[in-house]
Amino acid sequence: MAVIYNDEKQIFHLQTKGTSYVMQVVRNKYLLHLYWGKRVQNYCGTRSIILKNRGFAPNPQENDRDFSLDTLPMEYPHGGNGDFRSCAFGIREQNGSRICDLSYVGYEIMKGKPKLEGLPCSFGSEEEVSTLKIHMKDKISGLSVFLLYSVFENADVITRSVVFENRGNSPLTLTKMLSMSVDFRESGFKVMTLYGAHNNERNVDLRPLKSGMVQIESLRGTSSPQQAPFMALLEANASEESGNIYSANFVYSGNFTALAQADAFENVRFQMGMNPWNGEWYLEPNEKFFTPETVMVFSSQGLNGMSQIYHNFYQHNLIRSKFAFQPRPILINNWEATFFDFNEDKLLALADKAAQTGIELFVLDDGWFGHRDNDDSSLGDWVTDKRKLPLGLSHLSDEIHNRGLKFGLWFEPEMISRNSELFRNHPEYALHTEGRPYTFGRGQLVLDLSNGEVCRYVIESVSKVLRETKIDYVKWDMNRHLTDVGSINFPMERQGEIFHRYVLGLYKILEELTTEFPDILFESCSSGGGRFDPGMLYYMPQTWCSDNTDAVCRMKIQYATSFTYPVVTMGAHVSEVPNQQTGRVTPLQTRGQVAMSANFGYEIDLTKLSSEELDEIKKQVAFYKDIRNTIQFGKFYRIKSPFDENVAQWNFVSGDGSQVVAFHFEILSQPAAPIKILKLKGLEADAVYRDISTGYEYGGDELMYSGISIPIEKKDFRSVCFRFVKVN
Ligand code: DGJ
């Protein structure tokens, strides 16, 4: 039973195979949070809450000083009437009142999981998931709040979202609408977040939470490379292997906030949701508002345990593309090989070399449309540039297919260049505030996707190309963040909705395109991994991890990306040296093995490489084909973090347990170098494994507990790969 209700005590107990989540209705009105953590068989809740009169803690009842919303663990708190901690939602009535007072009304338990209108969200069959819907109501405004909890028992995941419904007679404004709020009756956590920048996505930040708040957010209109929409609370002793971790990931691609707040009594509040800054919603009577979903994962087996829950869940219950479990093609992308300077001959020369090495997909990146010789024109004009491709895109696609390769194409559909036919004809399509100057990013403007007509234009112009040309793959790029957010199409009281309406417009476009073109493999990109979030993954099963292809930087970026996202979703390419982002020269073997640790490809001018280099690439491609199933669909284990040491180590175990691939990377050569040991994870302790290249045999327990020693080599940026098969 995924949802257990104790009528007498009014306790809701959500139970997965490893987790319990418990709430209780008290005084037939207040919904309190009792517990989230390791699964308990029977939750009686006898002494979970102790009431205590505290100084400055307000009371709903005059003569009941022990009872205060400020000190109780609240399930979905509202400020204004006694809880001074961060509130989960806010309202403004027509008379300006911002007070709200929720009372419990009732609940419903259903099999399966309802869809969230207009939003990407996880899914599951009636056998996989049950949903609890709790109804709360503010009597004075007439606002009903439905808290949705979907319990994926075997996947070990609980998702949360909220539906607001105005059942009153007057409009009201939602001023904050978070998707999740959890109050812990304990503290001492470390807060983990993933921060970064363009070319430097997802670094690990681990901060002790003592008092006050640790908060991250995006106000950029997208989930952003600056902060990932993810937060985890780690108990003091938690590590990659062990310890309790409470985490949440937001299924949304726009502005968000996530915070952990410690109060004076060693309680911690953990919240996640849409950012309230410029994020209001005007709700007419009978209208509803759906918040995006948070995926909540508790792990009692450290960060690796947490990641494996996310990986499995996203693959099975979030990524809806038919490609989720299909081997992904090894690609060559022409971007770093040619940038904007190409013609058909040049592209076909690259394709010829790619075909010779066994690469499977050729991707034509930016610059094939309008009059785009650099990045200051033509976005929005999705018409082939006949100067570069006089015989047309279809001709190029046919030629690529004739060489045995699939053909992929780049778009940046959410954008408009001032120097474009689209802008000359429709300046009003650009996101802007009437009478104010434009703000540029990479010299371009953003389309106003809050406007249905603009969404229609994007859908039609992109579909036309996809219908007319044989295209197997689309790279969907987005190279700037949102400014001048406003729209003349909406009245004053709805101007706070435009950020969210932009995201809803984007999701509508993606819904239509991915539905019409299910056979196209979509890869999302935002100047690299700037919009790597579960919302985009719902539509597109892979994401370009970073524009930074330097092998050393990529070790970190891929390591941290794997905290929540399956390895198969991470696009990773071998590029030239000196690396274009860092100037670093790393061996081709290391570049190959770092990229092979994810969804593999190349972004390099193969026509300029020596025959030795091409031979090595041929071998890399063949090797990846051999290990692809294990890498893309096996279990991934992080072993040593490049954030902590001069090494990075990880290994993969195939679904059936028979194949193992392990990588050891050493960044700088050291004097008096210690001998490094690689201790694998996830093997069967009593099985025997054979190293495919040496024929040596090892016990599974030997490989995991004693490990293998890595010979010293006086060389920077080196990598070693081991491949084992289970022999009994
Ligand atoms: C940013 C992407 O991350 C790159 O891979 C490339 O597609 C460029 N945009 C093209 O403008």
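Above this note sits the structure.
A short tour of the structure in this document, coming up. Computed from a predicted structure; not experimentally measured. (Residues numbered from 1 in each chain as written. Predicted model: local features only at pLDDT ≥ 70, side-chain atom pairs only at ≥ 80, totals over all residues. Heavy atoms only, no water.)

### Topic: the overall build of the protein chain
Then, number 1: Secondary structure assignment for the protein chain yields twelve helices and 38 strands.
Then, number 2: Taken against the 2.2 N^0.38 rule, which gives 27 Å for 728 residues, the C-alpha radius of gyration of the protein chain at 27 Å falls within 12% of a compact globule.
Then, number 3: Projected onto its principal axes, the C-alpha positions of the protein chain cover 85 × 70 × 45 Å.
Then, number 4: With 728 residues in all, the protein chain has 63% of them scored as buried.
Then, number 5: For the protein chain, the share of sequence-separated contacts (at least 6 apart) that also reach a separation of at least 24 residues comes to 68%.
Then, number 6: Approximately 26,900 Å² of the protein chain is accessible, and the part contributed by carbon and sulfur atoms is 48%.
Then, number 7: The averaged location of the 90 negative side-chain charges in the protein chain is 3 Å from the averaged location of its 76 positive side-chain charges. (Helix = DSSP H or I, 4+ residues; strand = E, 2+ residues; numbered from the N terminus. Rg over C-alpha atoms; globule rule 2.2 N^0.38 Å. Buried < 20%, exposed > 50% of the residue type's maximum accessible area, 1.4 Å probe, protein only. Contact = heavy atoms within 4.5 Å. Areas by Shrake-Rupley, 256 points an atom, 1.4 Å probe, with all protein chains shown as cover. Lys, Arg positive; Asp, Glu negative; His and termini not counted. Charge placed at Lys NZ, Arg CZ, Asp CG, Glu CD.)

### Considerations on the sheet that holds strand S3 (residues 19-26)
Then, number 1: The four strands are arranged S1-S2-S3-S4 in an open sheet whose pairing can be described as antiparallel. Edge positions in the sheet fall to strand S1 (3-6) and strand S4 (30-38), since each has one partner strand and no second. Strand-to-strand twist across the sheet, computed as the mean angle between neighbouring axes with direction ignored, equals 15°.
Then, number 2: Both strand S2 (residues 11-15) and S3 contribute to a ladder of five bridges, which runs antiparallel. Bridge pairing links Phe12 to Met23 in S3. (Pairing = 2+ DSSP bridges. Axes fitted to C-alpha atoms, helices over the stretch in contact; angles between N-to-C directions.)

### Here we look at the nonpolar core
Then, number 1: Judged by nonpolar contacts, the single largest core of 194 residues is most densely connected at Phe164, Leu364 and Trp368.
Then, number 2: Leaving out residues up to four positions away in the same chain, Trp368 has contacts with Phe342, Trp382, Val383, Thr384, Asp385, Leu389, Leu393, Leu409, Trp410, Phe411 and Val465.
Then, number 3: With 18 residues, the next largest nonpolar core counts Leu680, Tyr689, Met704 and Ile708 among its residues. (Core = buried A, V, L, I, M, F, W, Y, C linked by side-chain atoms within 4.5 Å.)

### What about the site of the ligand?
Then, number 1: Residues in contact with the ligand amount to 13 residues; listed here are only the nearest, Asp365, Asp366, Lys475, Asp477 and Asp547.
Then, number 2: Within the side chain of Lys475, a nitrogen or oxygen atom sits 2.7 Å from an oxygen atom of the ligand.
Then, number 3: Protein contact buries 98% of the 290 Å² of open area that the ligand shows by itself.
Then, number 4: Broken down by class, the residue content of the shell around the ligand amounts to four nonpolar, three polar and six charged. (Near = heavy atom within 4 Å. Polar contact = N/O pair within 3.5 Å; in protein donor to acceptor, adjacent residues only side chain to side chain. Nonpolar A, V, L, I, M, F, W, Y, C, P; charged D, E, K, R; others polar.)

### A word on the packing of aromatic side chains
Then, number 1: Tallying each qualifying case throughout the model produces 53 aromatic pairs.
Then, number 2: Here the aromatic rings of Trp335 and Phe340 are separated by 5.2 Å at their centres, their planes lie at 90°, and the arrangement is edge-to-face. When sorted by exposure, Trp335 lands in the same class as Phe340, which is buried.
Then, number 3: Between Tyr559 and Phe563 the ring centres are 5.9 Å apart and the planes differ by 85°, which places this aromatic pair in the edge-to-face class. In this pair, the class of Tyr559 matches that of Phe563, namely buried.
Then, number 4: It is Lys133 that lies over the ring of Phe146; its NZ or CZ is 5.0 Å from the centre.
Then, number 5: Between the NZ or CZ atom of Lys388 and the centre of the ring of Phe342, over which it lies, the distance is 4.8 Å. (Phe/Tyr/Trp six-rings, centres within 6.5 Å; stacked < 30°, edge-to-face > 60°. Lys NZ or Arg CZ within 6 Å of the ring centre and 35° of its normal.)

### Considerations on the packing of helix H3 (residues 344-357) against helix H4 (residues 393-402)
Then, number 1: Between H3 and H4, the least distance of the axes is 10 Å, while the angle of their chain directions is 20°. Considering their axes alone, H3 and H4 lie roughly parallel with respect to each other. Like other packed secondary-structure pairs, H3 and H4 cross with a definite hand, here right-handed. Of the residues in H4, those in contact with Glu344, Leu347, Leu348 and Ala351 of H3 are His395, Leu396, Glu399 and Ile400.
Then, number 2: Partitioned by chemical class, the residues of the contact of H3 with H4 number five nonpolar, one polar and two charged. (Parallel < 35°, antiparallel > 145°, perpendicular 65-115°, else oblique. Left-handed = near helix turned anticlockwise from the far one by under 90°.)

### Comments concerning the pattern of salt bridges
Then, number 1: Summed over all chains, the structure comprises 46 salt bridges.
Then, number 2: Between Arg467 and Glu516 there is a salt bridge whose closest N-O contact spans 2.8 Å. Taken together, the positions of Arg467 in helix H6 (residues 452-468) and Glu516 in helix H7 (residues 498-516) put the pair 49 residues apart, joining distant regions of the chain.
Then, number 3: For Glu516, a relative accessible area of 39% puts it in the partly exposed group.
Then, number 4: Two residues, Glu497 and Arg494, come together in a salt bridge whose shortest N-O distance is 2.8 Å. A single burial state applies to Glu497 and to Arg494, both of which are buried. (Salt bridge = Lys/Arg side-chain N within 4 Å of Asp/Glu carboxyl O.)

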